[in-house]
Amino acid sequence: MKLSSRISSIKPSPTLEITVKANALRAEGRDVIGFGAGEPDFDTPDTIKKAAVKAIEEGFTKYTPVDGIVELKDAIIKKLKRDNQLDYTRSEIVVSCGAKHTLYNITQVLFEETDEVIIPSPYWVSYLDMVILSGATPVIIGTDPAQGFKISPRQLEKAITAKTKAIIINSPANPTGVVYTLPELKALAEVIGEKEVLVISDDIYEKIIYDDMHFCNIASLSEEMKRLTIVVNGVSKTYSMTGWRIGYAAGPEEIVAAITKLQSQNTSNPTSISQCAAVEALNGNQSSIGEMVDEFKKRRDFIVDALNDIPGISCMLPQGAFYVFPDVSACYGKVYNGKKISSSSDFAAYLLDEANVAVVPGADFGNDKHIRLSYATSLRHIEEGMKRITNAVLKLS
Ligand code: PMP
Ligand code: GLU
């Protein structure tokens, strides 16, 4: 069977693949500790579940408007005003089946072969493949721990050409946990505004932020930046609702209408029941978020210290999201059982084979010196995982 060249141009999502692999090994009886999946391990709050049950009981189980029910659009408008000081109308909001779907839709309605799209690296695995699927050319701006994994205005300026259509900004970031400050965003906005480049602002980790860091959206800096920005967000991470599949975009009416047209030809509306749950998530009591973030912070502090105690591993303190992205390259060139470790994939494979620990190779995020661990798992698992990684690294010679 000859499949399309389009589908052959991309790879399966590595973050989802590692979770499937870890689960398969567990089913075979192996005691694998998973640091792969980027999803909160908490249950969806009861009030949200109850809203979904009510929707089912009331028979709210049919098609809805393609771009989402009015109650959810209004809840999103209220949230964007309350949390981000951004004003949108209903025709500037479209609800999709998860922020991943939202991002995919955006890349499909905006990009084509002649376009370039700037992606700061390390990047979330799916940005690259989504841009490739759209036919556009991804332009990667590399960053390293010395610059705090953040792009500078100068790097951005150099990357922009006459073909540049957009830049993807993800703060707090997956996989580094980096958060851009207000002055940093202002400096980037100056370059972006001058060159009239669109911004896709992926705010999915907005609420998972630590210490005294504050979330800021580039769209809120000026009317001009709002006109150039498409805000992407969802309920997956903030309310531990990964399985419900609700994400949304807020942005210029023309782009939102194009997404709605595309969606009318593929998924139709996002699930009616999940939409009712998302209304409750956004409008209801927000206290579960603080409780979740407090717990994540404890785990972050523990895992960063534990990783930095391992000879050959160094890890930056993330300021948001629930990932650590340690540099393991000092272990490259070392050998175990005659096998040499030369890359992040070799290192991840070694940890899985020898230590029963699942992590994601940094190469999938654009940086082969690092690996990614999600600490959205219990402190007990994290403690055991760190013991196993320490022993595995000490065995290398
Ligand atoms: N953006 C980033 C950076 C992510 O890590 C994720 C996690 N899957 C998403 C978007 C998509 O989230 P969802 O589709 O569950 O809303
Ligand atoms: N975003 C999460 C992660 O990076 C979930 C998996 C995915 O959608 O990629 O692990």
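Remember, predicted model here, so these are calculated numbers, not experimental data.

## Re the overall build of the protein chain
Within the protein chain, the secondary structure is distributed over 14 helices and 14 strands. Against the compact-globule benchmark of 21 Å for 397 residues, the protein chain has a radius of gyration of 21 Å, which places it among compact chains. Principal-axis analysis of the C-alpha atoms places the extent of the protein chain at approximately 60 × 55 × 55 Å. Put simply, the protein chain shows about 17,000 Å² of open surface, and 52% of that area lies on carbon and sulfur atoms. Averaging the coordinates of the 43 positive side-chain charges in the protein chain and doing the same for the 50 negative ones gives two points 3 Å apart.

## Here we look at the nonpolar core
The biggest cluster of nonpolar side chains holds 127 residues, and the ones touching the most others in it are Leu156, Ile192, Ile303 and Phe347. Counting residues per element, this core draws most heavily on helix H12 (residues 287-308), at eight residues. Excluding residues within four positions of it along the chain, Ile192 makes contact with Leu156, Ile167, Ile169, Val197, Val199, Ile218, Met225 and Leu228.

## Describing the pattern of salt bridges
Here the structure, examined in full by the defined rule, presents 20 salt bridges. Here Arg299 makes a salt bridge to Asp41, at a shortest N to O gap of 3.0 Å. Placement of Arg299 in helix H12 and of Asp41 in the loop between strand E1 (33-34) and helix H3 (46-57) is noted, with a sequence separation of 258 residues between them. The exposure class assigned to Asp41 is partly exposed, which follows from its relative accessible area of 37%. Arg90 is the salt-bridge partner of Asp74, the closest N and O atoms lying 2.8 Å from each other. Remark: Arg90 occurs in the loop between helix H4 (70-84) and strand E2 (93-96) and Asp74 occurs in helix H4; sequence separation between them is 16 residues. Judged by relative accessible area, Arg90 falls into the partly exposed class, the value being 41%. Because the salt bridges share partners, they merge into one network encompassing Lys79, Arg82, Asp83, Glu206 and Lys207.

## Thoughts on the site of ligand 2
All residues adjacent to ligand 2 are Ser13, Thr15, Leu16, Gly38, Lys100, Trp124, Asn174, Tyr205, Lys237, Tyr323 and Arg372. In the environment of ligand 2, an oxygen atom lies 2.9 Å from a nitrogen or oxygen atom belonging to the side chain of Asn174. The contact in question runs from an oxygen atom of ligand 2 to an N or O atom on the side chain of Arg372, over 2.8 Å. When isolated, ligand 2 has an accessible area of 280 Å², and the protein chains bury 88% of it. Here ligand 2 occupies the largest pocket.

## Describing the site of ligand 1
The local shell around ligand 1 holds 14 residues, among which Ala99, Asp202, Tyr205, Ser236 and Arg245 are the closest. At 2.7 Å from an oxygen atom of ligand 1 is found a main-chain nitrogen or oxygen belonging to Ala99. In the model, a nitrogen atom of ligand 1 is placed 3.4 Å from a nitrogen or oxygen of the Lys237 side chain. Within the complex, the protein chains bury 93% of what would otherwise be the 390 Å² of accessible surface of ligand 1. With respect to the pocket detection grid, ligand 1 is positioned in the largest pocket. No other element matches helix H5 (residues 99-110), which puts three residues into the shell around ligand 1. Looking at the shell around ligand 1 residue by residue, the classes come out as six nonpolar, four polar and four charged.

## Observations concerning the sheet that holds strand E5 (residues 164-170)
Within a sheet, neighbouring strands are paired by backbone hydrogen bonds and run either parallel or antiparallel to one another. Spatial strand order, E2-E8-E7-E6-E5-E3-E4: seven strands in an open sheet with mixed pairing. Either end of the sheet is taken by a strand with one partner, and the two such strands are E2 and strand E4 (137-142). The sheet shows a mean angle of 20° between the axes of neighbouring strands, direction not considered. Pairing between E2 and strand E8 (residues 247-250): four bridges, direction antiparallel.

## Describing the pairing of E5
Extensive coverage of E5 is indicated by the burial of six of its seven residues. In this sheet, E5 lies alongside strand E3 (residues 116-121) in parallel orientation, the contact comprising three bridges. Bridging from a neighbouring strand, Ile118 pairs with Ile167 of E5. Pairing geometry for E5 and strand E6 (residues 198-202), over five bridges, is parallel. Of the residues in E6, the one forming a bridge with Asn170 is Asp202. A crossover links E5 with its parallel partner E6, the connecting element being helix H8 (residues 182-195), and its sense is right-handed.

## Side note on the pairing of E6
Two faces, one strand: in a regular strand the side chains alternate between the faces of the sheet. Of all five residues in E6, five are buried; the element is thus mostly enclosed. Here E6 shows two buried faces, one formed by Leu198, Ile200 and Asp202 and the other by Val199 and Ser201. Bridge count between E6 and strand E7 (residues 229-234): four bridges; the pairing is parallel. In the sheet register, Ser201 faces E7, and the bridge partner there is Val231.

## Describing the layout of surface pockets
Of the volumes computed, that of the largest pocket is approximately 470 Å³. Lining the largest pocket are 25 residues; nearest its centre among them are Leu16, Gly38, Lys100, Trp124 and Lys237. Those elements giving two or more residues to the lining of the largest pocket turn out to be helix H2 (14-27) and H5. A class-by-class count of the residues in the lining of the largest pocket yields nine nonpolar, 10 polar and six charged. Its boundaries defined by the atoms lining it, the second largest pocket holds a volume of some 300 Å³. Arg26, Gly34, Phe35, Ala37 and Thr377 are the residues nearest the centre of the second largest pocket, which is lined by 19 residues in total. Listed by contribution, the elements that provide at least two residues to the lining of the second largest pocket are H2 and E1.

Rules of the game
- Residues numbered from 1 in each chain as written.
- Chains lettered and ligands numbered in written order.
- Predicted model: local features only at pLDDT ≥ 70, side-chain atom pairs only at ≥ 80, totals over all residues.
- Heavy atoms only, no water.
- Helix = DSSP H or I, 4+ residues; strand = E, 2+ residues; numbered from the N terminus.
- Rg over C-alpha atoms; globule rule 2.2 N^0.38 Å.
- Areas by Shrake-Rupley, 256 points an atom, 1.4 Å probe, with all protein chains shown as cover.
- Lys, Arg positive; Asp, Glu negative; His and termini not counted.
- Charge placed at Lys NZ, Arg CZ, Asp CG, Glu CD.
- Core = buried A, V, L, I, M, F, W, Y, C linked by side-chain atoms within 4.5 Å.
- Buried < 20%, exposed > 50% of the residue type's maximum accessible area, 1.4 Å probe, protein only.
- Contact = heavy atoms within 4.5 Å.
- Salt bridge = Lys/Arg side-chain N within 4 Å of Asp/Glu carboxyl O.
- Near = heavy atom within 4 Å.
- Polar contact = N/O pair within 3.5 Å; in protein donor to acceptor, adjacent residues only side chain to side chain.
- 1 Å grid on protein atoms, 1.4 Å probe; cavity = no way out; pocket = protein on both sides within 12 Å on 5 of 7 lines; lining within 4 Å.
- Sits in = over half its atoms within 2 Å of the grid points.
- Nonpolar A, V, L, I, M, F, W, Y, C, P; charged D, E, K, R; others polar.
- Pairing = 2+ DSSP bridges.
- Axes fitted to C-alpha atoms, helices over the stretch in contact; angles between N-to-C directions.
- Right-handed = clockwise from strand over helix to strand, strands pointing away.
- Points joined across faces, edges and corners; volume = space filled by probe spheres on them.

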